[in-house]
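# Structural features, examined
So you can see what is in the structure, the chains are spelled out below.
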Amino acid sequence: MTQPESDILRAAQDNLWLHFTRHSAYQQNEIPTIVRGEGSYIYDIHGKRYLDGLAGLFVVQAGHGRSELAEAAAKQAQELAFFPLWSYAHPKAIELAARLAEHAPGELNRVFFTTGGGEAVETAWKLAKQYYKLVGKPLKHKVISRQIAYHGTPQGALSITGIPAFKQMFEPLVPGSIRVPNTNYYRAEEISGVAGMTAEEYGRWAADRVAQAIEMEGPDTVAAVFAEPVQNAGGCFPPPPGYFQRLREICDEYDVLLVSDEVICAFGRLGTMFGGQKFDYVPDIITCAKGMTSGYSPIGAMIAHERLFEPFKSGDTMFAHGYTFGGHPVSAAVALANLDIFEREDLLGHVTRNEPVFRGRLESLKDLPIVGDVRGAGYFWGIELVKDKDTKETFDAAESERLIRGYLSHALYDAGLYCRADDRGDPVIQLAPPLIAGEKEFDEIESILRSVLTEAWKRL
Ligand SMILES: Cc1ncc(COP(=O)(O)O)c(C=O)c1O
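Not measured: the values here are computed from a predicted model.

Here we come to the sheet that holds strand β12 (residues 380–385). Strand order in the open sheet made by the four strands is β11-β12-β15-β14, with antiparallel pairing throughout. Looking along the sheet, the strands with just one partner apiece sit at the ends: β11 (371–377) and β14 (420–422). Averaged over all neighbouring strand pairs, the angle between strand axes comes to 20°, with direction disregarded. As judged from the six bridges shared by β11 and β12, these two strands associate in the antiparallel manner. Its bridge partner lying in β12, Arg375 is registered against Gly382.

Here it is, written out as C-alpha cells:
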C-alpha cells in the first residue's frame, strides 16, 4: 500500500534535508513535492500541473516520462548493474566515451567519467595541476574564474565558484583561485567603469582582465581558466562577440588551459551538443553532466584534449583520482539512449529553430516596468528585474528579499510555472525548459510571467 499524502509530507518535514534551502520557509507551509512528469510538465502530490520552466535543474532535456530511457536503465541493470572504471571497463562506458568524443570539438577525445558536475570541475582542476607537474611546469596550479559564476560544491569546485555567500561558511577553501569580471554586458559600465562600450569592446575588455590576472599572479603559476559558455549564476550572461576567441588567444599565449564548464550548456541547452560550439571556440577541457542522461540517471564527465592524456600514457604515471560510481553502467546506458533521442528527434535543430521564438516571447515582456534586461541563448534565458529601467537601478537587499523570496518564487509556482527566481547577483528569473518545448509552452511562460511580474510591480 502506498503511504498517505500526509505521511509523506510529514516525513519531508521531519527527515529530509533540502539542498540550498532555508528550511524556515517551510515551517508553516508544506514542502512542494513533485510526484510525476510528462513531457514539459510536472505534477505535484495533490495532482496540480506545472510547466517545468527549468527542466528540473537544467537537466531534463528530452522531457519527462520517456519510457525508452527507463527501459534502457532496466535493461542495463539486469545485464550488468555495476562495475567500476578502476582498472576495468564495461561496454556502455566505452561506447559513451567514444560517442562523446565524436561529438566533442577538436581533439577532445579523452573522457573521464564522474557522477555529476561538481566532480567534473574538481577533476579538471586536479588534472590541470598534475598535467603541468608532468610536463615540467610544476608551479602552475592556480585557476581563474569569473565573478558570481557557480561551479559546484566540492571544496575545489567551490573555491572556483565566484559567489562569496556560498563560500564563507566553508573557508578556508582550496587556495589558488582568482576572480575576474564576467560578461554581464547589461552592467558593463558598472563593472568596467567605462561608459558606452559596444558588446565587442566590453568582451575584449573582460577577456583582457584574464590576461591581466595571469600577469599579476605570474604566468608560471596559473594552470587553468574556468568559464561557462553562457554564465548561469547572475542570470544567463552570454559571451559578447569575440570574447571566447580572445580568451583562447590568451590561454595559448600563456600556456593556460581553457576549461569550458558546460554542466548546463552542453547537450542541446544552447542548440548545440556542446556549448562552446555555439560560440565557435575549442577549449582544452569540457566539464559536463546534467543533460547527458536527461536526468534519468546521474552521470558527469570531464572531456580532455588528447595532449593532456599524453603524459599519462607511459611508465608508472597514473591520475590518482576516481569515483566509485563514475561512469555507472546504468547511467552510461541511459546516456546512450538519450543521445539516440537527440538524433532521432533532432533536438538540436528544434532548439535552434525555436530560439528566436522563445527569445521573442520573453523580450515582449520588456514593456513591463520591472523588466530591465532579457538575455541568454538557445533554451537558456534570464530576465533581470530592476527598480528603474532608465537608470538600471537594482533592488537593495531587503527589497530583493521581499521580491524574490517573499513573493515571486511562490507566485510563479502557484500560477503553474516552475522556474527560478534568483538573487545570487542582481534579481533575475531564469527559464530553461525541456528541449522538446515549443510555442505552446513559450506562450504559457510569457502569460504567467506577465501577470506575476505585473502584480510584483504593484506590490513594490
Ligand atoms: C556550471 C556548473 N558547474 C558545476 C555545477 C555543479 O554540478 P553538480 O550539481 O552536478 O555537482 C553546476 C550545477 O548547477 C553548474 O551549473
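The omega angle of the peptide bond from Glu171 to Pro172 is 5°, so this bond is cis rather than trans. Turning to its location among the elements, Pro172 is positioned in the loop between α7 (164–167) and β6 (177–180). Despite not being glycine, Phe20 shows a phi value in the positive range, around 45°. Inspection of the secondary structure assignment puts Phe20 in the loop between α1 (5–15) and β1 (34–38). One non-glycine residue with positive phi stands out, namely Phe267, at about 55°. Residue classification places Phe267 among the buried residues on the basis of 31 C-beta atoms within 10 Å.

Glancing now at the packing of helix α4 (residues 91–103) against helix α13 (residues 329–344). Between α4 and α13, the shortest axis-to-axis distance is 8 Å and the interhelical angle comes to 40°. As far as their axial angle goes, α13 and α4 are oblique. Relative to α13, α4 is oriented so that their crossing is left-handed. Across from Lys92, Ala93, Glu95, Leu96 and Arg99 in α4, the residues of α13 making contact are Pro329, Ala332, Ala333, Ala335, Leu336 and Leu339.

Attention now goes to the pairing of strand β2 (residues 41–44). Two strands pair when backbone bridges link them, and β1 and β2 are joined in this way by four bridges, in the antiparallel orientation. In the strand pairing of β2, Gly37 is matched with Ile42. Where β1 folds back on β2, the antiparallel hairpin that results is connected by two residues, among which Gly39 adopts a positive phi of roughly 65°. Pairing of β2 with strand β3 (residues 49–52) involves three bridges; the strand directions are antiparallel. Looking at β3, one finds that Tyr41 is bridged to Leu51. Counting the residues in the hairpin turn of β2 and β3 gives four residues, including Gly47, whose phi is positive at 90°.

The end-to-end C-alpha separation of helix α3 (residues 67–79) is 18 Å, in line with the 18 Å expected for 13 residues at 1.5 Å each. Every buried residue belonging to α3 is among Leu69, Ala72 and Gln76, and all of these are buried. Here the buried residues of α3 occupy an arc of 55° about the axis, which is enough to place them on one side. Those residues of α3 that are exposed and aimed more than 90 degrees away from the buried face are Ser67, Lys75 and Gln78.

What surrounds the ligand is a group of 14 residues, the closest being Gly116, Gly117, Gly118, Gly152 and Val263. Tallying contributions element by element places helix α5 (residues 117–134) first for the shell around the ligand, with three residues. Broken down by class, the residue content of the shell around the ligand amounts to five nonpolar, seven polar and two charged.

A few words on the environment of Ser192. Position of Ser192 among the secondary structure elements: in helix α8 (residues 188–192). Judged by local crowding, Ser192 falls into the partly exposed class, with 15 C-beta atoms found within 10 Å. Taking the C-alpha atoms as reference points, Ser192 and Asp208, separated by 16 residues in sequence, lie 12 Å from one another. Other than its neighbours up to four places away in sequence, Ser192 contacts Met197, Tyr202 and Trp205.

Rules of the game
Residues numbered from 1 in each chain as written. Predicted model: local features only at pLDDT ≥ 70, side-chain atom pairs only at ≥ 80, totals over all residues. Pairing = 2+ DSSP bridges. Helix = DSSP H or I, 4+ residues; strand = E, 2+ residues; numbered from the N terminus. Axes fitted to C-alpha atoms, helices over the stretch in contact; angles between N-to-C directions. Buried ≥ 20, exposed ≤ 12 C-beta atoms within 10 Å, placed from the backbone. Parallel < 35°, antiparallel > 145°, perpendicular 65-115°, else oblique. Left-handed = near helix turned anticlockwise from the far one by under 90°. Contact = placed C-beta atoms within 7 Å. Expected span 1.5 Å × (residues − 1). Arc of directions from axis to C-beta. Near = placed C-beta within 6 Å. Nonpolar A, V, L, I, M, F, W, Y, C, P; charged D, E, K, R; others polar.

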